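Here is what each chain is made of, one letter per residue.
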Amino acid sequence: MRAGTARENARRQQPSDAEATGLGARRPPAVLCGPWLLSGHDGRLLVYAQVDQAVLRWTEDRPGGSAWHGPDVLPLKGVTDLTVVQGRNRYAHLIGRRVRGAGDGPRTVDLCYAIQYQTGRPLSEWRSVGNPHAKRERTPLMGAPAAAVDAAGTLHVFAHTAEGRVAIRREDSQGRWEPWRDLKISAALDAPAAVTTATGRLELLVPTRTGALTWYQPQPGADLERGHDVAVVPLPGSATGVETSRGRVTYFLTDAIGGGIVAVRPGEWPVPVGGTPGDGRHAALTATVDGYLCTVLAHRDIEGRVVLGVCVAEDERNGVWWIDTGVGCLGDPVLARDGHGRVVVLAVATDGALMLARQEDGPGVTLGTWSRL
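First, a word on scope: everything that follows refers to the structure included in this document. (Residues numbered from 1 in each chain as written. Predicted model: local features only at pLDDT ≥ 70, side-chain atom pairs only at ≥ 80, totals over all residues. Heavy atoms only, no water.)

On to the environment of Val-307. Its location among the elements puts Val-307 in strand E23 (residues 305-312). Val-307 sits 32 residues away from Gly-275 along the chain, and the two C-alpha atoms are 8.9 Å apart. Residues contacting Val-307, with those up to four places away along its chain left out, are Leu-297, Ala-298, His-299, Asp-301, Trp-322, Ile-323 and Asp-324. (Helix = DSSP H or I, 4+ residues; strand = E, 2+ residues; numbered from the N terminus. Contact = heavy atoms within 4.5 Å.)

Before going further, it helps to spend a moment on the environment of Ala-152. Along the chain, Ala-152 falls in the loop between strand E9 (145-149) and strand E10 (155-160). Take Ala-152: its relative accessible area is 70%, and that puts it in the exposed class. Along the sequence, Ala-152 and Pro-236 sit 84 residues apart, while their C-alpha atoms lie 30 Å from each other. (Buried < 20%, exposed > 50% of the residue type's maximum accessible area, 1.4 Å probe, protein only.)

Before going further, it helps to examine the sheet that holds strand E11 (residues 166-170). Read across the open sheet, the 4 strands follow the order E9-E10-E11-E12; overall the sheet is antiparallel. In this open sheet, the two edge strands, each paired with only one partner strand, are E9 and strand E12 (181-182). Here E9 runs beside E10; their pairing, made up of 5 bridges, is antiparallel. The partner of Ala-147 across the bridge, within E10, is Val-157. (Pairing = 2+ DSSP bridges.)

Turning our attention to the state of the cysteines. As enumerated under the stated definition, the model contains 0 disulfides in all. With no disulfide partner, Cys-294 has as its closest neighbouring cysteine sulfur the one in Cys-311, 7.0 Å distant. (Disulfide = S-S within 2.5 Å.)

Attention now goes to the packing of aromatic side chains. All told, the structure shown has 2 aromatic pairs when counted by the stated rule. Between Tyr-91 and Tyr-117, the aromatic rings sit 4.9 Å apart at their centres with planes inclined by 85 degrees, giving edge-to-face as the arrangement. Here the residue Tyr-91 occupies a position in the loop between strand E5 (79-86) and strand E6 (92-100), and Tyr-117 occupies one in the loop between strand E7 (108-116) and strand E8 (127-130), the gap between them amounting to 26 residues. Owing to a relative accessible area of 30%, Tyr-91 belongs among the partly exposed residues under this scheme. On the basis of relative accessible area, Tyr-117 is assigned to the partly exposed category, the value being 41%. With 5.5 Å between their ring centres and 80 degrees between their planes, Tyr-113 and Trp-177 make a pair best called edge-to-face. Of this pair, Tyr-113 sits in strand E7 while Trp-177 sits in the loop between E11 and E12; the two residues are 64 residues apart in sequence, bridging distant segments of the chain. There is no split in this pair, since Tyr-113 and Trp-177 are both buried. (Phe/Tyr/Trp six-rings, centres within 6.5 Å; stacked < 30°, edge-to-face > 60°.)

Structure follows, in structure tokens:
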């Protein structure tokens, strides 16, 4: 954003995949979904962003380093919505909503997925997960996917259906796909926000027209069971979950009625935490700040700027320290910790480029200079 990177200097000597395909133009291609920021098995960060007919991937040159390799161009024909999730083994799972067929003929929509097993290596081949709608003419009514990976490495895929329900499909112990299951939720507005806890259990929150519903695994690998209802109506697309203590998940969402941000733990009263968020999703992670386990939040505010929030984990009632970075962005910023444990913020700049800032040494969460990938 403010200065060139080592990767940009290297690109002057040797064209990248993006330049060879025309994606190295002066104005970056529009990001359709994402970005996503993941930590690879070797401590290097990975960035994914969906553009027209492709996924772009950048790989940190070394853990905590300032240079990046990429973008690698991973073809992705016909996919309208993508999500990227990761399990304990650090494999990156890419799941997309794919539309096939052209012209006036019938179109078929399914979910497809691919896996990156090692940092910077090629993706596996794309495979179909199917569609919970049995009739072909109803397949286009399926919404964008959500996904989660449990402690055993099992991928769970969630789809918002035409009837306002949520369907789930997961792999069995042999890696084969089980049939689609209906969670029997009525009036769902969005795919769920899903979290895998350190105890190996999967939990999720589903926004509906009158509130939010939670589901959980009583033990790792078990079928999901209905949990406590939440007495706040989430703005669709805003909810995210993070494990704030061992086995306990806190969800952060935008209150569709009041407009502020709310922290929710199943079985407890919602806690308003302030803020003036836009219409996007919140990012959340836990990190040690000044010797305390804290929750770090990020969102795009109503003015279009990246805003961070910090509070002691599960102590939102005593206040969240909000930090307006003054940096404009498009879409939702995301968070991760780098190979040195520093908080990293990634966002799409107002001109479409990806920009990143890291936590500096010192008290609190102070970001260093923003740089472009």
